[in-house]
Amino acid sequence: MNRNGEILNRIEELLERPCWVIDLLPYRVPEESAGQYFAVEEHFLKDPQNGRLRQCFAQILLKLNCYYDFLVYLNDGETVENPSPERLEETILQNRGIVDIVLKEAMIVVRHDDTYMSVYDPDERLLNILKPLAAANGLFLWKADQD
């Protein structure tokens, strides 16, 4: 199996693991919520709000890369180990498709059509780093399957 095949297999494995999110909101919006979740989400997916949100994501990832090696898998099949800070930031700000970032035993997924980043199978150390990084950018970290 080639390297990309191995990476894709690892990504598929991690997608089945517990998931946390780095989000605009402090917890999941209940289905029966009277609020305007979808209208607000659409608002944040448009510029200039989307650009600011992607900048927050990039800041978190750049700082996290100081603690962890990154293997970045781009939706065009390109794989980059520890891209330069400029390239990593540009990749997130371009907001095209899906960017999978595989850490040692976890993965962060940034999708162009989401207002959050998904964090698969984080250990306590990773969560302890991500929580203040998210908070410093006005975002929240919470477990995806919590109510």
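Remember, it's a predicted structure, so these values are computed and weren't measured experimentally.

Q: Would you explain helix 4 (residues 85-94) in this entry?
A: Owing to its 3.6 residues per turn, the α-helix brings residues three or four apart onto one side. Of all the positions in helix 4, only Leu88, Thr91 and Ile92 are classed as buried. Projected down its long axis, helix 4 shows its buried positions confined to an angular sector of 95 degrees, all on one face. Packing partners of the buried residues in helix 4 comprise helix 3 (49-64), strand 2 (71-74), strand 4 (98-102) and strand 5 (107-111). Just downstream of helix 4, Asn95 is the residue with a positive phi angle, here 55 degrees.

Q: I keep staring at the sheet that holds strand 6 (residues 116-120) and nothing clicks. Help me out?
A: Remark on secondary structure: sheet strands pair via backbone hydrogen bonds, oriented parallel or antiparallel. An order of 3-2-4-5-6-1-7 is seen for the 7 strands of this open sheet, with the pairing classed as antiparallel. Of all strands in the sheet, those bounded by a partner on one side alone are strand 3 (79-81) and strand 7 (140-143). Between one strand and the next, the sheet's axes are offset by a mean angle of 20 degrees, whatever the strand orientation. By the bridge criterion, 5 bridges tie strand 1 (residues 19-23) to strand 6 in an arrangement that is antiparallel. Among the inter-strand pairings, Asp23 is bridged to a residue of strand 6, identified as Tyr116. This element, helix 3, spans strand 1, strand 4, strand 5 and strand 6 of the sheet and lies at about 160 degrees to strand 5.

Q: Looking at this structure, I do not really get helix 5 (residues 124-136). What am I missing?
A: Look at helix 5: 19 Å from first C-alpha to last across 13 residues, which is about the 18 Å you get at 1.5 Å a residue. What helix 5 keeps buried is the set Leu126, Leu127, Ile129, Leu130, Leu133 and Ala134. Down the axis of helix 5, the buried side of the element spans an arc of 165 degrees, and every buried residue falls inside it. Facing away from the buried side of helix 5 by over 90 degrees, the exposed positions are Glu124, Asn128, Lys131, Ala135 and Ala136. Tucked inside the fold, the buried residues of helix 5 contact strand 1, helix 3, strand 6 and strand 7. One or two residues past the end of helix 5 sits Gly138, with phi positive at roughly 75 degrees.

Calculation criteria
Residues numbered from 1 in each chain as written. Predicted model: local features only at pLDDT ≥ 70, side-chain atom pairs only at ≥ 80, totals over all residues. Heavy atoms only, no water. Buried < 20%, exposed > 50% of the residue type's maximum accessible area, 1.4 Å probe, protein only. Helix = DSSP H or I, 4+ residues; strand = E, 2+ residues; numbered from the N terminus. Arc of directions from axis to C-beta. Contact = heavy atoms within 4.5 Å. Pairing = 2+ DSSP bridges. Axes fitted to C-alpha atoms, helices over the stretch in contact; angles between N-to-C directions. Expected span 1.5 Å × (residues − 1).

The values reported here are purely geometric and, on their own, carry no functional implication.
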